[in-house]
Amino acid sequence: MKLIIGCLIAFAIMSFAAHAQTGSGKQAFYTAMASSSAAVWNKQLEEINTLTGNDKNAFQGALLMRKSGSQKTPGQKLSMFKQGHKLLEAAISREAKNPEFRFLRLMIQENAPKIVGYNNNIADDARLVKASYKSFPETVQKAVLSYSKTSKALKGLQ
């Protein structure tokens, strides 16, 4: 009986991880990235916490950096931004050619305040995202296309 319950729990976790990596899981993530609601960000961070490995680092890091602007004090903003930066850059260092991780970094770098000095990879990331656009899953393609409407680096992407 314990074996059956253990298998069911493992299956549920794997199903959620697969769900979070494709389809509506990624849609929810990109919806949260476009949101300005702390409640939406917090809910998505809870869902991301169930992931493991490099995907968790990349998505959590990007969302923490996105959320950092809503913090009350400059110290809190900078602390949360640095925490997210560390996670996202660690994920990218492990998978340097992962175009989705580079898209996450591109979105953050184009919108980060200049004072944080996080804008050195915009051109390289944009090139990789443009070159990889057609190979992205449909959900990610939609997110890239939507973001490209306001992005200087991805201007004209179709």
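In the block above lies the structure referred to throughout.
On a predicted model such as this, the values are computed, not experimentally measured, just so you know. (Residues numbered from 1 in each chain as written. Predicted model: local features only at pLDDT ≥ 70, side-chain atom pairs only at ≥ 80, totals over all residues. Heavy atoms only, no water.)

Undergrad: Describe the packing of aromatic side chains, listing the residues and the values that go with them.
TA: Inspection of every chain in the model, using the stated rule, returns 6 aromatic pairs. On the basis of an interplanar angle of 80° and a centroid distance of 5.0 Å, the ring pair of Phe29 and Tyr30 is categorised as edge-to-face. Judged by its relative accessible area of 2%, Phe29 is buried. What makes Tyr30 buried here is its relative accessible area of 7%. Between Tyr30 and Phe103, the ring centres sit 5.9 Å apart and the planes meet at 40°, which makes this aromatic pair tilted. In this pair, Tyr30 sits in helix α2 (residues 23-34) while Phe103 sits in helix α6 (residues 99-111), placing the two residues 73 residues apart along the sequence. You can call Phe103 buried: its relative accessible area is 0%. Chaining the aromatic ring pairs together yields one cluster made of Phe29, Tyr30, Phe59, Phe101, Phe103 and Tyr147. (Phe/Tyr/Trp six-rings, centres within 6.5 Å; stacked < 30°, edge-to-face > 60°. Buried < 20%, exposed > 50% of the residue type's maximum accessible area, 1.4 Å probe, protein only. Helix = DSSP H or I, 4+ residues; strand = E, 2+ residues; numbered from the N terminus.)

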